[in-house]
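Structural description and commentary
Listed below are the residues making up each chain.
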Amino acid sequence: ITLYPNPNTGKFILEGSILYNGSVQLEISNALGQVEYTGELVTENNSLHKEMELSHPTPGIYFLKIKTADGTGVIRFTVR
């Protein structure tokens with residue numbers, strides 16, 4: 001799974017292959033653990049693709065959690 005560009009300005013693309021078909025939960029939190037975004041994405045053919053934009057992000061480090069029924073993955077990224 002790739003998140004690009006990284007670093008970014010709060011607007012980015014999430015895409016890649018995932019061994020899961022169905023609904024996944026997306027959660028973005030800042031370095032303090034405060035949730036900045038929650039959403040849902042339906043995967044098909046084991047692939048992810050979503051253009052995302054945070055509203056009014058402050059510069060810093062953020063974490064994207066991708067939650068499926070089988071587990072959770074985390075991606076770290078930076079907002080300038």
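Preceding block: the structure.
Notes on the structure follow. Numbering of residues starts from 1 in each chain and follows the order in which that chain's sequence is written. Note on the predicted model: pLDDT of at least 70 is required for a residue's local features to be given, and 80 or more for side-chain atom pairs to be given and counted; whole-chain, interface and lining totals, by contrast, use all residues. Hydrogens and water molecules were not included; the side-chain quantities draw on all heavy atoms of the structure.

1. What to know about the sheet that holds strand β1 (residues 2-4)
Reading across the sheet, the 3 strands line up as β1-β2-β5 and stay open at both edges, with antiparallel pairing between neighbours. Bordering the open sheet on either side are β1 and β5 (47-53), each of which pairs with just one other strand. Averaged over neighbouring strand pairs, the angle between their axes works out to 15 degrees when direction is ignored. In this sheet, strand β2 (residues 11-17) lies alongside β1 in antiparallel orientation, the contact comprising 3 bridges. Bridged to Leu3 within β2 is Leu14. Between any two strands, pairing holds if DSSP finds at least two bridges. Each helix corresponds to a stretch of at least 4 residues labelled H or I by DSSP, and each strand to a stretch of at least 2 residues labelled E; elements are numbered beginning at the N terminus. Lines fitted to the C-alpha atoms define the axes, with helices restricted to the stretch that makes contact. Angles between their N-to-C directions range from 0 to 180 degrees.

2. Description of the side chain of Asn30
Looking at where Asn30 falls in the secondary structure, it is placed in strand β3 (residues 22-30). Relative accessible area serves as the criterion here: at 11%, Asn30 is assigned to the buried category. There is a polar contact of 3.0 Å between the side chain of Asn30 and the side chain of Glu36. Any two residues whose heavy atoms approach within 4.5 Å at even a single point are treated as in contact. Beyond its immediate sequence surroundings of up to four residues, Asn30 is in contact with Glu36, Ile61, Tyr62 and Phe63. Exposure classes here rest on a 1.4 Å probe applied to the protein chains alone. A residue is buried below 20% of its type maximum, exposed above 50%, and partly exposed in between. Nitrogen and oxygen atoms within 3.5 Å of one another constitute a polar contact, given that in protein one can donate a hydrogen and the other can accept it, and given that sequence-neighbouring residues count only through two side-chain atoms.

3. Thoughts on the sheet that holds strand β4 (residues 35-43)
The strands that make up a sheet are held in pairs by hydrogen bonds between backbone atoms, and each pair lies either parallel or antiparallel. What the 4 strands build is an open sheet, ordered β4-β3-β6-β7; its pairing is antiparallel. Two strands close off the open sheet at either side, each with one partner strand: β4 and β7 (71-79). Adjacent strand axes in the sheet meet at a mean angle of 20 degrees, parallel and antiparallel pairs treated alike.

4. Structural notes on the nonpolar core
Counting 18 residues, the largest nonpolar core has Val24, Leu26, Ile28, Leu64, Ile66 and Phe77 as the members making the most contacts within it. Broken down by secondary-structure element, the contributors of at least two residues to this core are β2, β3, β5, β6 (60-68) and β7. Definition used in this section: a nonpolar core is a set of buried Ala, Val, Leu, Ile, Met, Phe, Trp, Tyr and Cys residues joined via side-chain atoms within 4.5 Å.

5. Structural notes on the environment of Pro7
For Pro7, the position within the fold is in the loop between β1 and β2. Note on Pro7: relative accessible area 30%, which makes it partly exposed. In this view, Pro7 contacts Thr78 and Arg80; residues no more than four positions away in its chain are not counted.

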